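# Examining the three-dimensional arrangement
The chain contents come next:
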Amino acid sequence: MTDKEDLKKEKKGKGKSKVVCGYPISIFFIVVNEFCERFSYYGMRAVLVLYFKYFLQWDDDLATSIYHTFVALCYLTPILGAIVADSWLGKFKTIIYLSVVYAIGQVALAVSAIHDITDSDRDGTPNNMTFHVVLSMVGLFLIALGTGGIKPCVSAFGGDQFADHQERQRRTFFSVFYLCINGGSLLSTIITPILRGQTCGIHTQQKCYALAFGVPAALMVVSLVVFIMGSGMYYKAKPEGNIMMSVCKCIGFAIKNRYRHRSKAHPKREHWMDWAEEKYDKLLIAQIKMVLKVLFLYIPLPMFWTLFDQKGSRWTLQATTMDGNFGQLVIQPDQMQTFNPILILTLVPVMESVIYPLIKKCGFNFTPLKRMTVGMFLAALAFVCAGVVQLQIDKTLPVFPSTSQSQLKLLNMGNKELAVQLPDNVLENLPPAQANEEYFTFTEEEVSISIVTPPLTKTIALTKGLRQTLLIPSDINQEWVLIDDLTSKPEEGNNAIRFVNGLAKDLNVSTSAEDFGIIEPFMSSNYSLLRNGQHTFSLMSGSQSCEYTRKFGFGSSYTFFIPSTFTFGPNCQESITEVEEIQPNTVHMALQVPQYFLITAGEVMFSVTGLEFSYSQAPSNMKAVLQAGWLLTVAVGNFIVLIVAEIAKLPKKWAEFFLFASLLVAVCVIFSIMAYFYTYIDPTEIEAQFTEKKEEKDEEEEKDEMKKIEVQMMKRDSIKSNDSDDGFKQSKM
């Protein structure tokens, strides 16, 4: 019995030893493994860009760039994983080894998010940020290597567990498998942002990125353990070589051979791949031609992924400047990504069972390439919506001073109205215990501020690039205090709160979350960050105390002034002056829902249809090549984000959204032209033609061989007869 027959017999009999409900037990371990791994990946990725911005203190552009570099790597490494699995280690060992690498990367990332490791002065901020950056980058590289490396192996390994007669069970397995992918993605994008929103720490309580990364790391370890538990039940196919290597070698030989015969002395061939006929089989060359035809259509596709993957970066950052209060439910900025898997699970069956059949009934030939074109257009519309939302957000954002400007607000701490004259004869009337509403902007380093009655002029030294508040005491002859205000929105949707003590005695202010400390007379506290929601402040001075309750939104900044006329008691909050420096986010996160709907509808029409079209247009043994090409378009799309962002350097985010939308519309037009001239093929028929020709050729060669054998036999017979005649003659003589 040959090795090939042994392999067929082994393949036919696999999966029969342990079966439950018609399914091999081994696939249950694979399904649980995939759910845990997808939860780990998408959970980590959901909070990644906020980790870059708020923990590592990177700006929006750098955070976006590193995020998309990581995503690109995750879609480049599957090619490496497929080659290693098919040519060297096999799927089982590749999954095991790279899962270990993956888990180590997740643990490294979780450890990098523990601020207490390098927080030597215990102020809540790491003192050695280089340690955290390096460890997180090493962790992300290992994660990219692990998740990408096992991506092409797990689903194929699951398919290997079924025997040839279990086609129905295999189809059901793949449906459940992809349901686990979306289920893991959905749950993780809900849970990990909640974990990130918690506070944790040994010395100081900060946002718990370590927990948000630690839970996905634990799930990855569980995924690995579960997969290993089923080891004895798996069918483990031996590596049989990777078709991508054969394709690359054939293409390489065709290019080299064409270059060697580039002179006009050699006649041209119908297709440049025909120059590989000297070494490779014509069927393989024909199959590669079919694949190249599809890969040519892939050229414009990366632009779709350029827009699509920004929902995890630019759109999440956009959500941090919005109001996430949905009544009883408060949505975190990174939880808005949850709409994508929810809409996918909803739109896929709706598209397949309602939309596409309805379009067909209307008599419109909605071909796969037309669907993909519409999907790209919907993604462009999604970015137009994002740009419109950003315009609304920008209207609510404060105008901070440039590096050549300074801004000033005046606070009257006395109980009498003050008439204040500023440069350029600007007159401002300050009511008692009140501040002016808008900041004054100056380009001078020193400004003269005069009190009209009683007359008094003081020169105030301002700091360029800063917002400041001037505290004017009730006795204007005393020292005027200048305090610094915020020059950016508070991070992560928090509210920056401080108190100014106008009493002639010390004041202590605290809440359950923060302690503002003891505030000296006519001085202010530092800013403290408070989460959205209702907070109760306890004000104490000596034996006197009272409570002040206030509800906050997202991203605001307030100064609360305790005037000299303040009296402790049940109604003490009525005499507290509230000065709004930065207004809370007023644009609601619900306005992002249309852009998420459009981008997800585009994904369903583009991605699902694109894979279906690619598989229908390629030979059966070339599916892996097309899968690699498809994943490569995702990687290139993420690199385009970096290139466009660096070249354009647009100061306004809405302009960047419109730029990306315009680029995709242009690419959409190009793709529609390419699709118009594309001719659909049936790879099975083309392969059958080559197979028939090969069989006919084999028959002819067999006939020629038989003729040669007959001729040789006739020659032998004639030689034998001649030899016998010669012998007879010799004996006679």
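Residues numbered from 1 in each chain as written. Predicted model: local features only at pLDDT ≥ 70, side-chain atom pairs only at ≥ 80, totals over all residues. Heavy atoms only, no water.

The name that an unreviewed UniProt entry assigns to the protein is Solute carrier family 15 member 1, with the source organism given as Oryzias melastigma.

It is worth spelling out the overall build of the protein at this point. If you tally the helices and strands in the protein, you get 18 helices and 22 strands. In terms of overall size, the protein is more extended than a compact globule, its C-alpha atoms giving a radius of gyration of 36 Å where 733 residues would be expected to give roughly 27 Å. For the C-alpha atoms alone, the extent of the protein along its principal axes is close to 160 × 60 × 55 Å. Among the 733 residues that make up the protein, the fraction classed as buried is 48%. Sequence-distant contacts in the protein: of pairs separated by 6 or more residues, those separated by 24 or more amount to 72%. Across the protein, the 67 positively charged side chains and the 73 negatively charged ones have centroids separated by 10 Å. (Helix = DSSP H or I, 4+ residues; strand = E, 2+ residues; numbered from the N terminus. Rg over C-alpha atoms; globule rule 2.2 N^0.38 Å. Buried < 20%, exposed > 50% of the residue type's maximum accessible area, 1.4 Å probe, protein only. Contact = heavy atoms within 4.5 Å. Lys, Arg positive; Asp, Glu negative; His and termini not counted. Charge placed at Lys NZ, Arg CZ, Asp CG, Glu CD.)

Moving on, we come to the nonpolar core. Among the nonpolar cores identified, the biggest contains 131 residues, and Met44, Leu48, Tyr51, Phe52, Phe70 and Phe213 are the most heavily contacted of them. Broken down by element, the residue count for this core peaks at eleven residues, all from helix H14 (residues 368-396). When we break this core down by domain, the ones giving at least three residues each are domain 1 (19-241) and domain 2 (281-396 + 585-702). Setting aside residues up to four positions removed in sequence, Met44 forms contacts with Phe70, Gln106, Leu109, Leu140, Ile143, Phe213 and Pro216. Leu503, Leu539, Tyr548 and Phe560 belong to the second-largest nonpolar core, a separate cluster that totals 20 residues. (Core = buried A, V, L, I, M, F, W, Y, C linked by side-chain atoms within 4.5 Å. Domains from an automatic or database assignment.)

A few words on unusual backbone geometry. The peptide bond linking Thr453 to Pro454 adopts the cis configuration, its omega dihedral lying at -15°. Within the element layout of this structure, Pro454 appears in the loop between strand S11 (446-451) and strand S12 (456-461). Positive phi, normally seen in glycine, also occurs at Asn425, with a value near 60°. Along the chain, Asn425 falls in the loop between strand S8 (418-422) and strand S9 (426-430).

Turning next to the side chain of Arg498. Its place among the elements puts Arg498 in strand S15 (residues 495-501). From its side chain, Arg498 meets the backbone oxygen of Asp484 in a polar contact 2.8 Å long. A distance of 2.8 Å separates polar atoms of two side chains, one belonging to Arg498 and the other to Thr559. Apart from residues no more than four positions distant in its own chain, Arg498 is found in contact with Thr469, Ile483, Asp484, Asp485, Phe516, Ser525, Asn526, Tyr527, Tyr558, Thr559, Phe560 and Glu581. (Polar contact = N/O pair within 3.5 Å; in protein donor to acceptor, adjacent residues only side chain to side chain.)

Before going further, it helps to examine the pairing of S15. Where burial is concerned, most of S15 is hidden: seven out of the seven residues are buried. Of the two faces of S15, the one carrying Asn495, Ile497, Phe499 and Asn501 and the one carrying Ala496, Arg498 and Val500 are both buried. Judged from the three bridges that link them, S15 and strand S18 (residues 528-530) form a sheet pairing that is antiparallel. Residue pairing for S18: Ala496 is matched across the bridge by Leu529. As judged from the six bridges shared by S15 and strand S21 (residues 557-562), these two strands associate in the parallel manner. Bridging from a neighbouring strand, Asn501 pairs with Ile562 of S21. (Pairing = 2+ DSSP bridges.)

One ladder, built from six bridges, connects S11 with S12; its direction is antiparallel. Its bridge partner being in S12, Ile449 is matched across the sheet by Lys458.

Take the packing of aromatic side chains next. Using the criterion set out here, one finds 49 aromatic pairs in the structure. For the ring pair Phe304 and Phe606, a centre distance of 4.1 Å and an interplane angle of 20° mean the geometry is stacked. Of this pair, Phe304 sits in helix H11 (residues 302-308) while Phe606 sits in helix H15 (residues 593-616), and the two are 302 residues apart along the sequence. The pair formed by Phe304 and Phe606 is uniform in burial state, with each residue classed as buried. Between Phe537 and Phe552, the ring centres sit 6.2 Å apart and the planes meet at 90°, which makes this aromatic pair edge-to-face. Taken together, the positions of Phe537 in strand S19 (residues 533-541) and Phe552 in strand S20 (residues 544-552) put the pair 15 residues apart, joining distant regions of the chain. Of the two residues, Phe537 and Phe552, neither departs from the other in class, the shared state being buried. Through a chain of ring-to-ring contacts, three or more aromatic side chains come together here, namely Phe499, Phe516, Phe537, Tyr548, Phe552, Tyr558 and Phe560. Above the face of the Tyr356 ring, Arg371 is positioned so that its terminal group lies 3.9 Å from the ring centre. (Phe/Tyr/Trp six-rings, centres within 6.5 Å; stacked < 30°, edge-to-face > 60°. Lys NZ or Arg CZ within 6 Å of the ring centre and 35° of its normal.)

On to the domain arrangement of the protein. Along its sequence, the protein is organised into domain 1 (19-241), domain 2 (281-396 + 585-702) and domain 3 (406-582). The gap between the C-alpha centroids of domain 1 and domain 2 is 24 Å. Taking both partners together, domain 1 and domain 2 bury about 2600 Å²; carbon and sulfur atoms supply 66% of that area. Here domain 1 is connected to domain 2 by four salt bridges. Among the ionic pairs, Arg196 bridges to Asp334, the shortest N-O distance being 2.7 Å. The interface formed by domain 1 and domain 2 includes eleven residue pairs in polar contact (both at pLDDT 80 or more). Of all the elements in the fold, those that place two or more residues in the side of domain 1 that touches domain 2 are helix H2 (26-46), helix H3 (48-55), helix H4 (60-89) and helix H7 (167-197). Counting residues per element, the side of domain 1 that touches domain 2 draws most heavily on H4, which supplies 13 residues. (Buried area = accessible area lost by both parts, 1.4 Å probe. Salt bridge = Lys/Arg side-chain N within 4 Å of Asp/Glu carboxyl O.)

Here we take up the environment of Pro398. The residue Pro398 is located in the loop between H14 and strand S7 (406-412) in this model. Spatially, the C-alpha atoms of Pro398 and Glu581 are 8.8 Å apart, while their sequence positions differ by 183 residues. Ignoring anything within four residues of it in the chain, the contact list for Pro398 reads Arg467, Lys489 and Ile582.

A surface patch of positive charge is lined by Lys249, Lys256, Arg260 and Lys279. On the secondary structure map, Lys249 appears in helix H9 (residues 243-260). Classification of Lys249 as exposed rests on a relative accessible area of 54%. (Patch = residues over 30% accessible without salt bridge, like charges linked within 9 Å, V, L, I, M, F, W, Y side chains within 5 Å. Areas by Shrake-Rupley, 256 points an atom, 1.4 Å probe, with all protein chains shown as cover.)

Attention now moves to the sheet that holds S9. As summarised here, the arrangement of the four strands in space is S9-S8-S11-S12, forming an open sheet in which the pairing is antiparallel. The two strands at the open ends of the sheet, each matched to only one other strand, are S9 and S12. Sheet twist, expressed as the average angle between the axes of neighbouring strands with direction ignored, equals 25°. (Axes fitted to C-alpha atoms, helices over the stretch in contact; angles between N-to-C directions.)

Pairs can form between side chains of opposite charge once their charged atoms are near each other. The final tally for this structure, using the stated rule, is 15 salt bridges. The closest approach of N and O atoms between Glu581 and Arg498, which form a salt bridge, is 3.2 Å. Of this pair, Glu581 sits in strand S22 (residues 577-582) while Arg498 is found in strand S15, placing the two residues 83 residues apart along the sequence. A single burial state applies to Glu581 and to Arg498, both of which are buried. Sharing partners across several salt bridges, the network here consists of Glu34, Glu37 and Arg38.

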